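So you can see what is in the structure, the chains are spelled out below.
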Amino acid sequence: MSQTNKLKIFNDPIYGFITIPNTLVYDLIQHPYFQRLRRISQMGLSYLVYPGANHTRFHHALGAMHMMQKAVEVLRFKGVSISKEEENALYVAILLHDIGHGPFSHAMEHSIVEEVNHEAISLLFMNKLNEEFDGQLSMAIQVFKGQYHRKFMLQLISSQLDMDRMDYLKRDSFYSGVAEGNINSDRLIQMMNVEDDVLVMEEKAIYSIEKFLMARRLMYWQAYLHKTSLVAELTLTKTLQRAKELLHKGVNIECSRPLKYFMEHKVTLENFSNNDLNTFAQLDDYDIISALKEWQHHDDFILCSLSKMIINRDLSKIKLNSEKFPVEVLQEMSSRFAKAHNISIQEAKYFIFKGKIKNQAYSKEAEPIRIFKKDRTIEDVVEASDQLNLKALSKPVTKYFICFPKLLDEN
């Protein structure tokens, strides 16, 4: 294929046209590992709340790369030297930052591939691709791991104001229709600069940053931690755990080969082989959905009931509270449910459980967002802002929840 043919464009509903910067990026996008992201939803089961939220990780990765192209352009315009090789490394690292996500994003991390998070799997994929592409991804991997000497490059990929967040807030708010999440990413990128190889924001960006952090907080409450999305994701996690439990007891469980492989084998980061990686690359949302469709007819009451809840969107009730729910409430519900359905108290825990969620728009523990002031001093955005709300945004808010089947709701 001729080289020119590889410089294609994508039409994106948010940014308009996204250009592919070079043939390496084109070849990476064409790779089956990356194409798999078309079959992984960006917002997990949020489409059960927001019907429009059907966009994918593929879409988001391209958007984040587009943001990175803009950032490189702005920084170069301001005199920051970024070599061709460094530019490429930034594009590759941001493009592949989510390549290790499993089906429905986070549900898999708590039930199937239990001890390996998606960042670790992303790195395994990047290393494997680096072998295939004769070492062309080496610098991107260094940047991704935080081992490259120019700190701002990692900050563009992973920080409290990175290209990943720039895209997903804008994209998730667009597709879900949660207008409060919409941010002015163009304005934020225009305000970026680099001082001593560290990413800084010009002083006049302060209000845009406040808006960005506020949007992030609201997107968490209204979308990512929305109680229906939460109960759906937890139910999915429980369903997969039950299927795994039955499989280990020798009960026949019908599902796709890649899904069965990860349910049968305990895979840790230490023993994650090439074969495991290739099997993981076969896993996507469709494996899970088709398994649930199969399992809703299973003889096991628990597996069958949980699967039906997701397939038919007939989910459990969830109550949120600023205080912890008393253990007695849980015990009383569990014994009533166990009795009514002739299952053990232990088994009732698949339906009745509690937990907590935390929302923190800005973390003081993490790398700060630095404001570069007119007198050339640098200050944390929380200190630089005259708004008290930024101090409030950096306080973690914890809510406690309890989930239980609708039948038990007598209030």
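Treat the numbers as computed from the prediction; the structure is a model and nothing was measured. Once a new chain begins, its residue numbering starts again from 1 and follows that chain's sequence as written. In keeping with the predicted nature of the model, local features appear solely for residues at pLDDT of at least 70, side-chain atom pairs appear and are counted solely at 80 or more, and the whole-chain, interface and lining totals rest on all residues. In computing side-chain properties, one takes all heavy atoms of the structure into account and sets aside hydrogens as well as water.

**Points about the sheet that holds strand 5 (residues 317-321)**
Counted only if it meets this: Paired strands, as defined in this entry, are two strands with at least two bridges between them according to DSSP. Numbering goes from the N terminus for both helices and strands, where a helix is a DSSP run of H or I of at least four residues and a strand is a run of E of at least two. Axis definition: a line fitted to C-alpha atoms, limited for helices to the stretch in contact. Angles are taken between N-to-C directions and run from 0 to 180 degrees. Whether two residues are in contact is decided by their heavy atoms: any pair within 4.5 Å suffices.
What the three strands build is an open sheet, ordered 5-9-6; its pairing is antiparallel. This sheet does not close on itself; its edge strands, each paired only once, are strand 5 and strand 6 (353-359). Each strand axis lies, on average, 25° off the axis of its neighbour in the sheet, ignoring direction. Bridging between strand 6 and strand 9 (residues 397-404) involves seven bridges; their strand directions are antiparallel. Along strand 9, the bridge assignment pairs Phe353 with Cys403. In this fold helix 10 (residues 206-224) packs onto strand 6 and strand 9, with an angle of close to 165° to the strand it touches most, strand 6. Across the sheet, helix 16 (residues 327-341) lies against strand 6 and strand 9, angled at about 20° from strand 9, the strand it touches most.

**Quick word on the nonpolar core**
This is how the line gets drawn: Here the nonpolar core consists of buried residues drawn from Ala, Val, Leu, Ile, Met, Phe, Trp, Tyr and Cys, with membership extended through side-chain atoms lying within 4.5 Å. When accessible area is computed with a 1.4 Å probe and restricted to protein chains, residues below 20% of their type maximum are described as buried, those above 50% as exposed, and intermediate ones as partly exposed.
Ranked by internal contacts, the top residues of the largest apolar core, which has 142 residues, are Leu96, Leu156, Met163, Met201, Ile209 and Trp295. Among the elements that take part in this core, helix 3 (residues 57-77) stands out by supplying 11 residues, more than any other.

**Description of the packing of aromatic side chains**
Where we set the bar: Only Phe, Tyr and Trp rings take part, Trp by its six-membered ring, and two of them pair if their centres are within 6.5 Å. Stacked means planes under 30 degrees apart, edge-to-face means over 60, and tilted covers everything else.
This model, assessed by the stated rule, comprises 11 aromatic pairs. Seen in terms of ring centroids, Tyr220 and Tyr224 are 4.8 Å apart; in terms of plane orientation they differ by 70°. Their pairing is edge-to-face. Placement of both Tyr220 and Tyr224 in helix 10 is noted, with a separation of four residues, approximately one turn of the helix. With a centroid separation of 5.8 Å and an interplanar angle of 40°, the aromatic rings of Phe301 and Phe351 are classed as tilted. Residue Phe301 is found in helix 15 (residues 301-311), and its partner Phe351 is found in the loop between helix 17 (345-348) and strand 6; the two are separated by 50 residues along the sequence.

**Looking at the packing of helix 12 (residues 257-264) against helix 14 (residues 285-295)**
We apply this condition: Should an angle fall under 35 degrees it is taken as roughly parallel, and over 145 as roughly antiparallel, whereas 65 to 115 is taken as roughly perpendicular and any remaining angle as oblique. Under the scheme applied, nonpolar residues are Ala, Val, Leu, Ile, Met, Phe, Trp, Tyr, Cys and Pro; charged residues are Asp, Glu, Lys and Arg; polar residues are all the others, including Gly.
Contact pair helix 12 / helix 14: the axes reach a minimum separation of 9 Å and the direction vectors enclose 85°. In terms of orientation, helix 12 and helix 14 fall into the roughly perpendicular class. Where helix 12 abuts helix 14, its residues Pro258, Leu259 and Met263 lie against Asp287, Ile288, Ala291 and Trp295. Grouping the constituent residues of the contact of helix 12 with helix 14 by class yields six nonpolar, no polar and one charged.

**Things to note about the packing of helix 14 against helix 15**
Helix packing for two helices is described by the angle between their axes and how far apart those axes are. How we decide: We call a crossing left-handed when the near helix sits turned anticlockwise from the far one by less than a right angle, and right-handed when that turn is clockwise.
Relative orientation of the contacting elements helix 14 and helix 15 amounts to 125°, with a least axis distance of 8 Å. In terms of their interaxial angle, helix 14 and helix 15 are classed as oblique. Remark: the crossing between helix 14 and helix 15 carries left-handed chirality. Touching Ile289, Leu292, Lys293 and Trp295 of helix 14 are Leu303, Cys304, Ser307, Ile310 and Ile311, all from helix 15. Among the residues making up the contact of helix 14 with helix 15, the classes are represented as seven nonpolar, one polar and one charged.

**Quick word on unusual backbone geometry**
Phi at Asp197 is positive, roughly 60°, even though this residue is not glycine. Within the secondary structure, Asp197 sits in the loop between strand 3 (192-195) and strand 4 (198-202).

**Structural notes on the sheet that holds strand 7 (residues 370-372)**
As summarised here, the arrangement of the four strands in space is 3-4-7-8, forming an open sheet in which the pairing is mixed. Every interior strand has two partners, whereas the edge strands, strand 3 and strand 8 (378-380), have only one. Across this sheet, the average inter-strand angle for adjacent strands is 45°, counted without regard to direction. Where strand 7 and strand 8 come together, three bridges link them in antiparallel fashion. In the sheet register, Ile371 faces strand 8, and the bridge partner there is Glu379.

Read these as geometric descriptors, not functional statements.
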